[in-house]
Each structure stands twice: as structure tokens, then as C-alpha cells.
Amino acid sequence: MRPEMTLSPGLRVALLAAALFGLAALAAFLLSPLLIPILLAFVFYAVLEPLSSRLMALGMSASAASLSVLALLAAVVAAVLSWVMPQFSAQVQALQQRLPYLWDMLGGFIERTTRRLEELTGIPVEGIELGGQLAERGNAWGQAILTQAPAIVMGTVLVLLIAPLLTFFLVRDWKGLRDRMLSLLPNAHFELGWLIYGRVARQLQRYVRGVIMQSAIVALVATTGFWLVGIDTPLLFGVLTGLLNVIPYVGPPLAMIPPVISVLGNPAADPWLALWAVIVVLVAQVVDNLLVVPSLIAHSVNLHPLVVIVGIIVFGHFFGLLGMILAVPALAAAWIIVAGLHGGLGKPNVAPGL
Amino acid sequence: MSRHPLWQNLFRPTADRLTESVQLWRATPLLAGISGRKARQLVADMHHRHYDTGEYIFRQGDVGAGAVMLRSGSVEIRAGATVLAELGPGDFFGEVALVSEESRTADAMATTPTELMFLMRSNLDEWVQRSPRAGECFMRNLAHVLAERLRRANKQLSGQGIHAP
């Protein structure tokens, strides 16, 4: 009789984790056109699920409860958009008008600097026309982005149509689907599968809810700050600061760039306002780190900062901005899965002699 | 409204089996004082699994994810070579895992072909979230069950001349 081949527990964990992450990567690749609406639907699900569960407990059918919470979400989103969008579009238009001046100013600055450099060193600096070219290109580039805004808006509208549909099916059917998938596990790993699922679900749900609250608070603080110091488009930059705050370490410095550019691009604005814009983002960060993170986020993920930074860079390289946003929850979930498999695999499941 | 069988959840217990399972659970102290409707909602989310003779349900040291009830067959609870308990249909065990992620303190092994119902902590949490009052009642019942198990363990230890702290 041929002896049965056995794998060491460590190798089993490594192989299983590699298979799981390979499947997840394949799924992300195949679903890439729908990745944003799917992720948005999961975020909505994390927020809406407690309410739909309560409605179902009151005797409402799963479909009716899902529709009700979705209708509520649509009403809230519509109310917020009807209030915010006119201001938002006015602020984008104001920024669009300032862009030519900004690029001209940047080009002029580079030209002046290169001339000064030539005078000081006596060495001719090539690309004296660089400033002018940059101004032209930058201007065209900025205008192109802003003129593509309608297409971007259409894409967003499509996402906003698909995401609620997916949210409806998630709220209605996710638990049944999850139960079916976990029921496919063999007896030996059935409890372990549920254990890991429970840990990942709890952590991701805490993280998503915490991050939504965190972004809203940072956006509110930043908007108020920008308004107090006298920056023209406080809501636009405040919301942007809140959204970029989702990306750890990298997001806050990125959030400083748009208001600084806007101030420097406004001929009528005091250049010192740029410094104030940076201070506002820093104050929002202080509030975030001292008050919001300890109470909302600290316990939801427990990753080393170096792991987070490397993860953001790698995920950002492969999946862009979306990857940077997803890096932390994806790494946290991967860590729980590997730790759970490591702790739970490796014992025989049949009594010796039976 | 009749639904085509193709679209039904094939893994959900059928109505008769569900009623039978609800009756088994309602006979335990865990569901004492909980309405039939709420009990049915909880039991509908449980998971039915079949184990062969000699197959472990869990091992000592495994982190538990839920409690287990026997629908049919028999299970031995063992610590090493010592058999601590022999369980039959209607008995439940592993309920400590409904409270916290503790390691199992003994092995549980099927001694005949056995059908089990698992009540997972995740499912219980969801049910408690949906039905806070029934959830409170369940948790109180669970505390009574755990206290009773502790009292019996203390009595057993005292009988052996060992006194619990």
C-alpha cells in the first residue's frame, strides 16, 4: 500500500493562503469593470445592514426591507446632492477660470528662476522656454481634465445606478449566499471557516463604519477651517480633504495641494493664504489623530506602519487610487485569514484507531 | 405564493425539519421564554452537518465558533483518554463559544453516524441585533446554563477532594 503523503502545517497554511489570495486576485481581475460599484455596494451594505435586519425582525420580508433601506439611502443622497452639487459645480467653475493664470504664473516663475541662475553662474541654461511650454501644456492639460468632467460625471452616474442595484441584492441575499459558501467547507474546517469569516466581517464592518465617520469629521473640520481663513472654495477642498484622508499617510499631504494651487492661482488672493490652507489641513489631521482615530479607528486594524506604507505603495501601483484606499482593509483581512489558518490547521480530524 | 423549487435555497432546512429542529431547541433551557417566531428565526439560520463514526467535531485547543446540538446519533466528550460525557439527540454542547473566542477544553467525537446543528456566534450576533429583547433573554439563559455547568464542575471536583478557587 502506498504511504499517504502529508504536508507540514506551515506548508498547508502557505498553500491554502496562496490559493485564497490567488482566487481573490483572479476575481478582482475578472470583475475589474465592476470593481468600484461592487466595493461601493459593500460599503453601503456595511452601513445599511443593521437597519434592514431590524425591519426584517419586525416581520418585513427581505425584499421589502432591502427596498426600504435603499429608498432611505437614495433620499438622503438626493437631499445631500441637491444641497451640495450647485455649490460644488460653482466652485469647480471658479477653479477652471483660475487655471490659465496659475499655469502662466508657474511658467513665469520657472523662466525668472532660470534667468537668475544664468546671471549668477554665467552658464547658459537650456530650456529657457521651458516655462512657457509648461504653461501651455499645463493649461491644456488642466482644461482637458475639466472639459472631460461631463464624461466623468456620466461614469459616476452609471456607478451610482449599478451600486444601489448591487446593494439591494447584497442586503437581501448576502447572508444566504455566505451560508451556502461556508457550507461547502469540509467538517474538519467548518468551524474554522466561520471563525475566520466572523473575525474578518467584524473588523471590516468596524473599519468601514469608522472610516466613513472619520472622513465626515475631517471634511467638516477642514471645510470650517478653509471658510474661516477665507479660502474661496471651502466646501470643495473640505470634502476633498475628508476623502483623501481615507488613504493613510499619503492622503493628508495630497489634500494640501489643491487649496494651495487654488490660492496661488488667484491673482486677487493673498499668497499667505496658501500657508493658512496647509495649516487648516494640519489642524484637521491633529483633530483626526487626537480625537477621531483613538475612538473610531484604533481598534479596527492593528498593522505596523511600515506594512501599511509598503501596502499602499504596492496596491497603488497595481490598482491606482482605489488600491491605495483598499490597501489597509485588504491587508488587515489578509492578516486575519493567515493568522486564523495558522492557528486552526494542523490537527488530524479522525481519532487514531478508528 | 408558491415558488419554483429551482429558486429555493436548497441548503435551508425544509419546513417540517425546521419545525422539528425548533422543537428540539425549545426543549433546552437556552430558548426558555423566547417566542416561537423568534426561536424559528434563530433555528432557521443554523447549519446541519453529518459526521461519521470516529470523526472529531472539534479538538481540545481549537478556538470555538459556535454551539452544537445533536439531531441524531451520539457524541463523546473526551479529555485525553477520559470520557467526560456521552451525548444523544437533543443534547447540546460547546456553548461557551457563543460568549467568547475561547479554546475548546475537550475533544468532541461522533461515536455513531451523527447529524448536528451548529449555532454559530456570527449568526447569534446577527439574531441578537435583529431581536434585542429575545437576545437579552437568550443571553440570560446562556448565563444560567454556564453557571449550572460551573456549579456541577465544582461539585465534581469537591467530590474528588479538589476545591475550586
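Within each chain, residue numbers correspond to sequence positions counted from 1 in written order. The lettering of chains begins at A and the numbering of ligands begins at 1, in the order of writing. Residues qualify for local features only when their pLDDT is at least 70, as the model is predicted, and side-chain atom pairs are given and counted only at 80 or more; totals for whole chains, interfaces and linings, by contrast, use all residues. Only hydrogens and water are set aside; all other atoms, that is, all heavy atoms of the structure, feed into the side-chain values.

**Comments concerning the sheet that holds strand E4 (residues 75-79) of chain B**
All names here are of chain B. Whether two strands pair comes down to DSSP finding at least two bridges between them. Where helices and strands are cited, they refer to DSSP runs of H or I of at least four residues and of E of at least two residues respectively, numbered from the N terminus. An order of E2-E7-E4-E5 is seen for the four strands of this open sheet, with the pairing classed as antiparallel. Each of the sheet's edge strands pairs with one partner strand only, and the pair in question is strand E2 (56-58) and strand E5 (82-87). Across this sheet, the average inter-strand angle for adjacent strands is 30°, counted without regard to direction. All axes are obtained by fitting lines to C-alpha atoms, using only the stretch in contact for helices, and the reported angles, taken between N-to-C directions, cover 0 to 180 degrees.

**Comments concerning the nonpolar core**
Residues Ile57(B), Val75(B), Phe93(B), Leu116(B) and Phe118(B) are the most contacted members of the largest nonpolar core, which totals 29 residues. Going through the elements one at a time, helix H1 (9-30), helix H6 (187-229) and helix H10 (305-344) of chain A together with E2, strand E3 (66-72), E4, strand E7 (107-110) and strand E8 (114-120) of chain B are the ones with two or more residues in this core. It is H6(A) that provides the largest number of residues to this core, a total of six residues. Note on contacts: a residue pair qualifies if any of its non-hydrogen atoms lie within 4.5 Å across the two residues. With residues near it in sequence (within four places) discarded, Phe118(B) still touches Phe190(A), Glu191(A), Met46(B), His47(B), Arg49(B), Tyr51(B), Ile57(B), Ala67(B) and Val68(B). Working definition of a nonpolar core: buried Ala, Val, Leu, Ile, Met, Phe, Trp, Tyr and Cys residues. They are joined through side-chain atoms within 4.5 Å. The buried label applies to any residue whose accessible area, calculated with a 1.4 Å probe on protein chains only, is under 20% of its type's maximum; exposed applies above 50%, and partly exposed to all values in between.

**Some points on the pattern of salt bridges**
One side chain can pair with another of opposite charge once the charged atoms of both are near each other. Salt bridge, as applied in this entry: a Lys or Arg side-chain nitrogen positioned within 4 Å of an Asp or Glu carboxyl oxygen. Within the structure shown, the criterion is met by 18 salt bridges over all chains. Two residues, Asp173(A) and Arg172(A), come together in a salt bridge whose shortest N-O distance is 3.1 Å. What makes Asp173(A) partly exposed here is its relative accessible area of 35%. Looking at Arg172(A), the relative accessible area reads 32%, which means it is partly exposed. The closest approach of N and O atoms between Arg78(B) and Glu76(B), which form a salt bridge, is 2.8 Å. We classify Arg78(B) as partly exposed; its relative accessible area is 23%.

**Here we look at the packing of helix H2 (residues 36-44) of chain B against helix H3 (residues 121-130) of chain B**
Residues and elements named next belong to chain B. Relative orientation of the contacting elements H2 and H3 amounts to 150°, with a least axis distance of 10 Å. By the criterion of interaxial angle, the relationship of H2 to H3 is roughly antiparallel. Between H2 and H3 the crossing geometry is right-handed. The residues of H3 that touch H2, namely those facing Lys38, Gln41 and Leu42, are Leu124, Trp127 and Arg130. Here the contact of H2 with H3 is built from residues that sort into three nonpolar, one polar and two charged. For classification purposes, angles smaller than 35 degrees are called roughly parallel, those larger than 145 roughly antiparallel, those between 65 and 115 roughly perpendicular, and all remaining angles oblique. Crossing handedness: left-handed means the near helix sits turned counterclockwise from the far one by under a right angle, and right-handed means the same turn made clockwise. Residue polarity is assigned by list, with Asp, Glu, Lys and Arg as charged and Ala, Val, Leu, Ile, Met, Phe, Trp, Tyr, Cys and Pro as nonpolar; anything else, Gly included, falls into the polar class.

**A short note on H1(A)**
Residue and element names in this part refer to chain A. When the terminal C-alpha atoms of H1 are compared, their 31 Å separation across 22 residues agrees well with the 32 Å that a helix rising 1.5 Å per residue should span. All buried positions along H1 are accounted for by Val13, Ala17 and Ala28. Along the long axis of H1, the arc covered by the buried residues comes to 35°, so they all point the same way. Facing away from the buried side of H1, by more than 90 degrees, are the exposed residues Leu23, Phe29 and Leu30. Packed against the buried residues of H1 are helix H2 (35-57) and H10. One fewer than the residue count of a helix, multiplied by 1.5 Å, yields its expected span. The arc under discussion is defined with respect to the helix axis, by the directions toward the C-beta atoms.

**So, empty space enclosed by the protein**
Only protein atoms enter the 1 Å grid, on which a cavity is a set of points fitting a 1.4 Å probe that cannot get out and a pocket is an open set with protein on both sides within 12 Å along at least 5 of 7 lines, lining residues being those with an atom within 4 Å of a point. Grid points are joined across faces, edges and corners, and a volume is the space filled by probe spheres set on the points. Scanning all chains against the criterion turns up one cavity of 30 Å³ or more. Lining the largest cavity are Trp194(A), Leu195(A), Gly198(A), Arg199(A), Arg202(A), Ala65(B), Glu101(B), Met120(B), Arg121(B) and Ser122(B). Elements supplying a minimum of two residues to the lining of the largest cavity: H6 of chain A together with H3 of chain B. The class makeup of the residues in the lining of the largest cavity is four nonpolar, two polar and four charged.

**Structural notes on the interface of chain A and chain B**
Between chain A and chain B, the contact holds 31 residues from the first and 38 residues from the second. Accessible area that two parts lose when put together, evaluated with a 1.4 Å probe and summed over both, is termed the buried area. Among the residues chain A hides against chain B, the three largest losses belong to Asn187(A), Phe190(A) and Glu191(A). Together they make up 24% of the total. One can count four salt bridges joining chain A with chain B. With its nearest N and O atoms 2.9 Å apart, the salt bridge here joins Arg199(A) to Glu101(B).

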